[in-house]
Amino acid sequence: MTSIASPLQSARIEAEPLPHALGAVVTDVDLRTLDASQFSAIRAAWLENLVIVILGQQITDADLTAFSARFGVLDEVPIVSKGQAPRYNKHISVISNIVENGVPIGGLGDDEVLWHSDTSYRDFPPSASVLHALEIPAQGGNTGFSNMYLALETLPPALRDRIDTFSVKQDITYTAGGQLRDGFTPVIDVRECPGATHPLVRTHPDTRRNALYLGRRRNAYILGLEVADSETLLDTLWKHATQDFLAWHHQWQAGDVVVWDNRCVMHHRDPFDSRDRRIMHRAQARDAARPARDRNADSSPHPRGQRFLAARVVR
Ligand code: OGA
Ligand code: MN
């Protein structure tokens, strides 16, 4: 590809926003051969829309990790749950319900996967998660995504003020599918469970906007509160953050690559028929810095969710 062709190529990257609070669809690209300007157009569409679906990708694990690494520092994927086949590559997470010789080849089975953002129990949680669909069930198994800028922006102002400086502790013990991770023991006291602590309101390092950062509900604990008060406040925040208007559910086709921004998005998976096959491969990238609440953040709302709300009112 010549240097003259590059700007024309990137001009051809089309990201069509979905009629929801987040998400856009990108067509006519090949993730194996993106030049720098094409990648920067994809990244810009991702920061603008929070989640992008890139259709029709025939890619290997090496292509998936190479593409993911362009979003930041290529990260290790989660530890597998008890009894699951070990990772064959520390940068590839297999998400599947297939069992071979009595051993699940991947994680998360076929049940509902509760709302979460990925590996939020780490000190350096991921920015981008990149999920490639290899085999999908006839129905079900859709993945929901939810806009956490908009969740914060639509909180009652007094509640938003109250939580502004709070931190939340995240537990590593269980997967988002509810399985105990290999090498961990069940948690008794939420204050004692292993995992990182992060600001409940974090400033996105690229967009400079603040977003609600809940991570995962199970065993979460808001520092400095009595456990009962932490539970009550977390329940209130989760009820708000998991409302339908904040979300969109993607119906997969084999070949889709979906990139979501864990700094401002939570995701969820619907259950599907256990007799169907679902195989997805995922990689993730992280930032060099830990999540932080920046006092000099841009106080204006992120435009994506606001545009959606405005369009909804007009219709
Ligand atoms: C993940 C995840 C959901 C899905 O890969 O982290 O939550 O739809 N996946 O497979
Ligand atoms: Mn996940």
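Structural data are supplied above this passage.
Computed from a prediction, not measured in an experiment: that's the story for all the values here. (Residues numbered from 1 in each chain as written. Chains lettered and ligands numbered in written order. Predicted model: local features only at pLDDT ≥ 70, side-chain atom pairs only at ≥ 80, totals over all residues. Heavy atoms only, no water.)

> For this particular structure, what's the right way to read helix α2 (residues 36-49)?
For α2, which comprises 14 residues, the first-to-last C-alpha distance of 20 Å matches the rise-based estimate of 20 Å (1.5 Å per residue) to within 8%. Residue Asp 35 occupies the N-cap position of α2, its side-chain oxygen lying 3.1 Å from the main-chain nitrogen of Ser 37. (Helix = DSSP H or I, 4+ residues; strand = E, 2+ residues; numbered from the N terminus. Expected span 1.5 Å × (residues − 1). Polar contact = N/O pair within 3.5 Å; in protein donor to acceptor, adjacent residues only side chain to side chain.)

> Quick question: what am I supposed to make of the sheet that holds strand β13 (residues 197-199) here?
Pairing between the strands of a sheet comes from backbone hydrogen bonds, and it takes one of two forms, parallel or antiparallel. The sheet built from three strands is open, its strands ordered β13-β12-β16 with antiparallel pairing. Two strands in the sheet have a free side with no partner beyond their single neighbour: β13 and β16 (221-222). In this structure, strand β12 (residues 167-169) lies alongside β13, joined through three bridges in antiparallel fashion. Looking across to β13, one finds that Val 168 is bridged to His 198. (Pairing = 2+ DSSP bridges.)

> Looking at this structure, I do not really get the site of ligand 1. What am I missing?
Surrounding ligand 1, one finds Ile 95, Leu 108, His 116, Asp 118, Leu 131, Thr 143, His 267, Arg 269, Arg 278 and Arg 282. A distance of 2.9 Å separates an oxygen atom of ligand 1 from a polar side-chain atom of Asp 118. Within the contact set of ligand 1, an oxygen atom lies 2.5 Å away from a side-chain nitrogen or oxygen of Thr 143. Its residues assigned to classes, the shell around ligand 1 comprises three nonpolar, three polar and four charged. (Near = heavy atom within 4 Å. Nonpolar A, V, L, I, M, F, W, Y, C, P; charged D, E, K, R; others polar.)

> I keep staring at the sheet that holds strand β19 (residues 265-269) and nothing clicks. Help me out?
Strand order in this open sheet of four strands is β9-β19-β11-β17, and the pairing throughout is antiparallel. At either end of the open sheet lies a strand with only one pairing partner, and these are β9 (113-116) and β17 (247-250). Across the sheet, the axes of successive neighbouring strands diverge by a mean angle of 15 degrees, strand direction being ignored. As judged from the five bridges shared by strand β11 (residues 143-147) and β19, these two strands associate in the antiparallel manner. (Axes fitted to C-alpha atoms, helices over the stretch in contact; angles between N-to-C directions.)

> Help me understand the packing of aromatic side chains in this model?
Centre distance and the angle of the planes are the two values used to describe a pair of aromatic rings. Using the criterion set out here, one finds six aromatic pairs in the structure. Each ring, one from Trp 46 and one from Phe 71, has its centre 4.9 Å from the other, and the planes form 75 degrees; the classification is edge-to-face. Of this pair, Trp 46 sits in helix α2 while Phe 71 sits in the loop between α3 (61-69) and β4 (73-74), placing them 25 residues apart in sequence. Accessibility assignment for this pair places Trp 46 and Phe 71 in one class, buried. Between Phe 145 and Trp 260, the ring centres sit 5.3 Å apart and the planes meet at 45 degrees, which makes this aromatic pair tilted. Within this pair, whereas Phe 145 is found in strand β11, its partner Trp 260 is found in strand β18 (residues 257-261), the two being separated by 115 residues in sequence. (Phe/Tyr/Trp six-rings, centres within 6.5 Å; stacked < 30°, edge-to-face > 60°. Buried < 20%, exposed > 50% of the residue type's maximum accessible area, 1.4 Å probe, protein only.)

> I'm lost on the environment of Tyr 221 in this one. Help?
Summarising the element assignment, Tyr 221 is placed in strand β16. Given the relative accessible area of 9%, Tyr 221 is considered buried. A distance of 2.7 Å separates the side chain of Tyr 221 from the backbone oxygen of Leu 225, its partner in a polar contact.

> So what exactly am I meant to see when it comes to the nonpolar core here?
A general feature of soluble globular proteins is that nonpolar side chains tend to end up buried together. Val 51, Ile 163 and Leu 200 are the most contacted members of the largest nonpolar core, which has 46 residues in total. For Ile 163, the contacting residues outside a window of four places in its chain are Leu 152, Leu 155, Leu 200, Val 201, Leu 212, Leu 233 and Leu 237. Core analysis: the second largest hydrophobic core is formed by 25 residues, Ile 13, Val 26, Ile 54 and Ile 92 among them. (Core = buried A, V, L, I, M, F, W, Y, C linked by side-chain atoms within 4.5 Å. Contact = heavy atoms within 4.5 Å.)

> Teacher, can you tell me more about the pairing of strand β3 (residues 51-54) here?
Walk down a regular strand and you will see the side chains alternate between the two sheet faces. Residue alternation in β3 divides its side chains into two sets, Val 51 and Val 53 and Ile 52 and Ile 54, and both sets are buried. The sheet contact formed by strand β2 (residues 24-27) and β3 spans three bridges and is parallel. In the sheet register, Ala 24 faces β3, and the bridge partner there is Ile 52. On the question of chirality, the crossover connecting β2 to the parallel β3 by way of α2 is right-handed. Relative to β18, β3 is paired through four bridges, and the arrangement is antiparallel. Across the sheet, residue Ile 54 finds its bridge partner in β18, namely Val 257. (Right-handed = clockwise from strand over helix to strand, strands pointing away.)

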